[in-house]
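Coordinate analysis (summary)
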Protein chains: 2
Amino acid sequence: MKVVVDAFGGDNAPLEIIKGAALAESELGVDIILTGDEAVINKCIEDNNITFKNLEIVHTTDVISMHDEPTSLLKAHKGSSMAEAFRILADSKADAFVSAGSTGAVVVGGTLIVKRIKGIKRPALGSMIPSPDSSYFLMDMGANAECRPEMLQQFGVMASVYLEKVEGRENPKIALLNIGTEDTKGGELQQEAYKLLENAPINFVGNVESREMPKGVVDGVVTDGFTGNIALKLIEGTTVTMFKMLKKVFYKNIITKLATLTLKNGIMGIKQKMDASEVGGAPLLGVAKPVIKAHGSSDAVAIKNAIRQAKIFTEKDVIGTISANIN
Amino acid sequence: MKVVVDAFGGDNAPLEIIKGAALAESELGVDIILTGDEAVINKCIEDNNITFKNLEIVHTTDVISMHDEPTSLLKAHKGSSMAEAFRILADSKADAFVSAGSTGAVVVGGTLIVKRIKGIKRPALGSMIPSPDSSYFLMDMGANAECRPEMLQQFGVMASVYLEKVEGRENPKIALLNIGTEDTKGGELQQEAYKLLENAPINFVGNVESREMPKGVVDGVVTDGFTGNIALKLIEGTTVTMFKMLKKVFYKNIITKLATLTLKNGIMGIKQKMDASEVGGAPLLGVAKPVIKAHGSSDAVAIKNAIRQAKIFTEKDVIGTISANIN
C-alpha cells in the first residue's frame, strides 16, 4: 500500500512530517510518497539521520498556507505540495492521502480533485474526540458551515461505517447533537434530520445534548459543520482553561508543589488523554479515496498515527461500504 | 421596589426559593410577592423559621413543570404560579420577576404576557459564564433556536446595555461567536450579522472563536440560541467530565488522597468559580419589564443573587436604555 504525504503541510513541517512518514514506513510496512521541495526533504533526511527503505519524492516548490484562501489550491497554489499529493491520489498513483496542512484546502482538494463518492451530497470532516472511558466521533467538524437535513443523514451513515470499519465498534450508536432529547427540539434542520436519521440504515439513538456528549455516551455525534467546529474548539478551549486554573493551584506554594508531584503522572495522563492529537487525524468522508487530515500541530507520532488510520481506512474498504450504504 | 418570585419554580422549590426571597428581603431591602399555594408556603415558612417583614402571597394551585410544553403557560397552566407571577409583573403590581422554573415557559411568559420592548424582534436569554479571571455574557442561550441576522444585531445591543448597567463594564467588548476570526467566516447568518453588528452603537470587536471564548477575552458573546445552548451545556459537560477524571487521580490511593488534602481549597475554588449558579440568573432581554430566570437547581443564595440582579436591572433602567438604543 502506498500513502502520499504532503511533506510541507502543518506547523512542524517538513521535519516532523518526514520523521512520521519514516516511522510509518518501518512500523506499518507502507510505502511512502512525499510531495514537496526535493532538495529540502533530502537535506532534512540527511541532517536528522532519518532512514527510508523505499522513499519516492515528487518535487514541488509551492506551499499553501493556513492563511491562503482554500480554493486557491486549484489555481494560484495548484503547484503546491498539497495539490500535487491530491493529484497523485486522484490518479491512483497512491492509495491514501495524509496532510497536516490547511483544513479548508484539504476539503477543497478532496471534493474537487479527488471528487465525491457517487450519491454523496457533501463530504464532511469527522474526528475522534477523547472522553474519560472511551472516545466518540464528531462529524461534521467544519467542512460545511451550512447543512441541509439530507446531508446530516449522510453524515450519520458515513460516521457509522467509519466507526465500524476503522474503530472496530460493532453497531455503533449514532446521535444527533441537539438542544434537547425530544424529536421536536432544535430548529428545522435538526427536526428534519432526526426523521431522516431514523430511516437511515444505522443504529440511530436520537438526540444527544452537549452536556452529555463529553461523557462519551454514544459512539458518533452528527451535526452541521458550524456547530461541530464550535463544539470541537470549545472542548479544547475549556480543557486548556481548566488546566491553566489547576496549574495556579498546583504551583501556589512549596507545599502544593510537593503535593502535586505525587499526582503528576495521573494529571499528565488526563492531559494526554484529552489532547486531540493522540486520537489521530480527521478523515474527510464522502470523497472517492482515503483522505486523512492530520492535526496542524502534529508531531512525528501523530503523523504516523494518521498514516496508520489511512492504512486501516483503505484496507477495510470504508469507501466501498459507504457507497453501498448510500445507494 | 417589589419583586415577584415564582415560589414553585425550580428543583428546590418551594423551600429554597422562599429562603432566598427572605434573604433578599432582609439583605437587599426589596419587597417580595410570592406566587404559589398559600398554605404550603406558610407551612414552609413556619416549619423552617423563615422570617419576612412584609410578605405578600398570591395564591395559586397549579405548577408548570420542566416537562410541560412551554406554551401551555398560556392555556392549560394559566393558573400556575409562574403565569400568575408574569401577570403581576405585566400589571405593574411588581417591578421585576424571578423564577427558577422551566426556561421555555419563562421565554413564553416574558414574550407573550409581559410583551416585547417596541422594536425588538425577539427576546433572548443571556447569562454570565465564569472564566478564570473574570466572566463573560453569552446570548442567546436558547430562547431562539433559529435566528435572523437582525436578531443577532439586537442581541449585541441588549448585551452591551446589560453589561454596562448591571455588570458595570465600561464600553464592553462584544463579539460574534464564529468558526474563524475573518468576517467571511461562518454561514450566511454570521456573515450578515457581522456587518450589522459593525454598524450597531456598540463596541463590536469582531468574531471570537469558541477556543478563545472560555478565556474570557471579551465581555459579551452573541450567537443564535441553538449554538448558544450547545455552547453553554458543552462547557458544563466538559467541566464536569474533567473534574470526574481528576477525582479518580486524587482518590487513587492513600498517598494521592493525602496530597489532595493540601490542594483541596484551591480545587474547590475552581469548582465554585466554574459553577454556573454562582453568577446568578439569566436575564430575558428584550421584554418590557425585568425578567430573571434563575438556574433550575438554584439554592437560597442563588435565588437571593437572582433577586439582586433583578433589583440592579430595574434601578439602572436597562429596559429604557435598550429601548433608546434600538430605536
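This report concerns the structure included in the present document. (Residues numbered from 1 in each chain as written. Chains lettered and ligands numbered in written order. Predicted model: local features only at pLDDT ≥ 70, side-chain atom pairs only at ≥ 80, totals over all residues. Heavy atoms only, no water.)

**Details of the overall build of chain A**
Broken down by element type, chain A carries ten helices and eleven strands. Against the globule reference of 20 Å for 327 residues, chain A gives a C-alpha radius of gyration of 20 Å, in line with a compact fold. Burial status across chain A gives 58% buried among its 327 residues. Considering only contacts in chain A between residues 6 or more positions apart, those separated by 24 or more positions represent 70%. (Helix = DSSP H or I, 4+ residues; strand = E, 2+ residues; numbered from the N terminus. Rg over C-alpha atoms; globule rule 2.2 N^0.38 Å. Buried < 20%, exposed > 50% of the residue type's maximum accessible area, 1.4 Å probe, protein only. Contact = heavy atoms within 4.5 Å.)

**Digging into the pattern of salt bridges**
Residue and element names in this part refer to chain A. Under the criterion given, the structure shown has 28 salt bridges over all chains. Linking Lys93 and Asp91 is a salt bridge whose minimum nitrogen-to-oxygen distance equals 3.9 Å. On the accessibility criterion, Lys93 (53% relative accessible area) is exposed. Looking at Asp91, the relative accessible area reads 47%, which means it is partly exposed. Ionic pairing is found between Lys195 and Glu192, a salt bridge with its closest N-O pair at 3.2 Å. Separated by three residues within a single helix, Lys195 and Glu192 lie in helix α6 (residues 188–198), roughly one turn from each other. Owing to a relative accessible area of 47%, Lys195 belongs among the partly exposed residues under this scheme. A relative accessible area of 32% means that Glu192 is categorised as partly exposed. (Salt bridge = Lys/Arg side-chain N within 4 Å of Asp/Glu carboxyl O.)

**Structural notes on the packing of helix α8 (residues 254–274) of chain A against helix α8 (residues 254–274) of chain B**
Relative orientation of the contacting elements α8(A) and α8(B) amounts to 145 degrees, with a least axis distance of 9 Å. The crossing of α8(A) and α8(B) is left-handed. Between α8(A) and α8(B), the contacting residues are A:Ile255, A:Thr256, A:Ala259, A:Thr260, A:Thr262 and A:Leu263 on the first element and B:Ile255, B:Thr256, B:Ala259, B:Thr260, B:Thr262 and B:Leu263 on the second. Among the residues making up the contact of α8(A) with α8(B), the classes are represented as six nonpolar, six polar and no charged. (Axes fitted to C-alpha atoms, helices over the stretch in contact; angles between N-to-C directions. Left-handed = near helix turned anticlockwise from the far one by under 90°. Nonpolar A, V, L, I, M, F, W, Y, C, P; charged D, E, K, R; others polar.)

**Some words on the sheet that holds strand β10 (residues 282–285) of chain B**
Pairing between sheet strands relies on hydrogen bonds along the backbone, with the strands arranged either parallel or antiparallel. Residues and elements named next belong to chain B. The strand order β3-β2-β1-β4-β11-β10-β5-β6-β9-β7-β8 describes an open sheet built from eleven strands, whose pairing is mixed. A single partner strand is all that each edge strand has here, and the edge strands are β3 (56–59) and β8 (203–208). Sheet twist, expressed as the mean angle between neighbouring strand axes with direction ignored, is 25 degrees. Where β10 lies against strand β11 (residues 291–293), two bridges are found, and the strand directions are antiparallel. Note on β11: the bridge partner recorded for Ala282 is Lys293. Relative to the sheet, helix α5 (residues 149–165) contacts β5 (124–130), β6 (135–139), β7 (173–177), β9 (220–222) and β10, its axis offset from that of β6 by approximately 145 degrees. (Pairing = 2+ DSSP bridges.)

**Concerning the relation of the copies chain B and chain A**
Mapping chain B onto chain A is achieved by rotating through 180 degrees and translating by 0.0 Å along the same axis, at an RMSD of 0.0 Å. Classification of the inter-copy transformation places it as that of a two-fold axis. Minimal C-alpha separation from the rotation axis in chain B is found for B:Ala259, amounting to 2.3 Å. A high fraction, 100%, of the interface residues of chain B reappear at the interface in chain A, so the copies pair face to face through one surface. (Least-squares fit on C-alpha atoms with pLDDT ≥ 70 in both.)

**Section: the interface of chain B and chain A**
Listed per partner, the contact involves 49 residues of chain B and 49 residues of chain A. Approximately 4500 Å² of surface area, both sides summed, lies buried where chain B meets chain A, with 77% of it carried by carbon and sulfur atoms. Linking B:Glu236 and A:Arg211 is a salt bridge whose minimum nitrogen-to-oxygen distance equals 3.0 Å. On the surface where chain B and chain A come into contact, there are twelve residue pairs in polar contact (both at pLDDT 80 or more). Looking at the side of chain B that touches chain A, the element that brings in the most residues is helix α7 (residues 225–250) of chain B, giving 20 residues. Looking at the side of chain B that touches chain A residue by residue, the class counts come to 24 nonpolar, 15 polar and ten charged. (Buried area = accessible area lost by both parts, 1.4 Å probe. Polar contact = N/O pair within 3.5 Å; in protein donor to acceptor, adjacent residues only side chain to side chain.)

**A few points about helix α2 (residues 38–47) of chain B**
All names here are of chain B. Of the residues making up α2, those classed as buried are Ile41, Cys44 and Ile45. Seen from one end, α2 has its buried residues packed into an arc of 100 degrees, which puts them on one side. Pointing more than 90 degrees away from the buried face of α2 are the exposed residues Ala39, Lys43 and Glu46. Against the buried residues of α2 lie α1 (15–28), β2 (31–36) and β3. Positioned one or two residues after α2, Asn49 has a phi angle of 50 degrees, which is positive. (Arc of directions from axis to C-beta.)

**Observations regarding the sheet that holds strand β1 (residues 2–6) of chain A**
Residues and elements named next belong to chain A. In space, the eleven strands of this open sheet follow the order β3-β2-β1-β4-β11-β10-β5-β6-β9-β7-β8, with mixed pairing throughout. Because the sheet does not close on itself, it has two edges, and the strands there are β3 (56–59) and β8 (203–209). Pairs of neighbouring strands in the sheet enclose a mean axial angle of 25 degrees, with direction left out of account. With three bridges connecting them, β1 and strand β4 (residues 96–99) associate as parallel partners. Following the sheet pairing, Val4 is matched in β4 by Phe97. Sheet contacts for helix α1 (residues 15–28): β1 and β2 (31–36); angle to β2, the most-contacted strand, approximately 165 degrees. Along the sheet, helix α7 (residues 225–250) contacts β5 (124–130), β6 (135–139) and β7 (173–178); its crossing angle with β6, the most-contacted strand, is approximately 140 degrees.

**Let's talk about the nonpolar core**
One finds A:Leu73, A:Phe86, A:Met213, B:Phe86 and B:Met213 to be the most contacted residues of the largest nonpolar core, which totals 82 residues. Those residues in contact with A:Met213 that lie beyond four places of it in its chain are A:Tyr136, A:Leu138, A:Leu177, A:Val208, A:Val221, A:Ala231, A:Ile235 and B:Leu234. (Core = buried A, V, L, I, M, F, W, Y, C linked by side-chain atoms within 4.5 Å.)

**Considering the pairing of β3(A)**
Residue and element names in this part refer to chain A. The sheet contact formed by β2 and β3 spans four bridges and is parallel. Looking at β3, one finds that Ile33 is bridged to Glu56. Each parallel crossover has a hand, and the one from β2 via helix α2 (residues 38–47) to β3 is right-handed. (Right-handed = clockwise from strand over helix to strand, strands pointing away.)

**Topic: the packing of α5(B) against helix α6 (residues 188–198) of chain B**
Two quantities define a packed helix pair, namely the angle between the axes and the distance from one axis to the other. Residues and elements named next belong to chain B. Where α5 meets α6, the axes come as close as 8 Å, and the angle between the chain directions of the two elements is 45 degrees. Overall, the two elements α5 and α6 adopt an arrangement that is oblique. Once α5 is placed against α6, the crossing between them reads as right-handed. Counting all contacts with α5, which are made through Pro149, Glu150, Leu152, Gln153 and Gly156, the residues of α6 involved are Leu189, Glu192, Ala193, Leu196 and Leu197. Across the contact of α5 with α6, the residue classes tally to six nonpolar, two polar and two charged. (Parallel < 35°, antiparallel > 145°, perpendicular 65-115°, else oblique.)

**What about a negative patch on the surface?**
Where like charges cluster on the molecular surface, the negative patch consists of A:Glu69, B:Glu182, B:Asp183 and B:Glu198. Residue placement: B:Asp183 occurs in the loop between β7 and α6. (Patch = residues over 30% accessible without salt bridge, like charges linked within 9 Å, V, L, I, M, F, W, Y side chains within 5 Å. Areas by Shrake-Rupley, 256 points an atom, 1.4 Å probe, with all protein chains shown as cover. Lys, Arg positive; Asp, Glu negative; His and termini not counted. Charge placed at Lys NZ, Arg CZ, Asp CG, Glu CD.)

**Observations concerning empty space enclosed by the protein**
With the rule as written, the count across this model stands at two cavities of 30 Å³ or more. What the largest cavity holds in volume is close to 40 Å³. Lining of the largest cavity is provided by A:Thr238, A:Thr241, B:Ile129, B:Pro130, B:Ser131, B:Tyr136, B:Pro214, B:Ile235 and B:Met274. Here the residues of the lining of the largest cavity are counted per class, giving six nonpolar, three polar and no charged. Empty space within the second largest cavity amounts to approximately 30 Å³. As for the second largest cavity, its lining consists of A:Ile129, A:Pro130, A:Tyr136, A:Pro214, A:Ile235, A:Met274, B:Thr238 and B:Thr241. Secondary-structure elements contributing two or more residues to the lining of the second largest cavity are β5 of chain A together with α7 of chain B. (1 Å grid on protein atoms, 1.4 Å probe; cavity = no way out; pocket = protein on both sides within 12 Å on 5 of 7 lines; lining within 4 Å. Points joined across faces, edges and corners; volume = space filled by probe spheres on them.)

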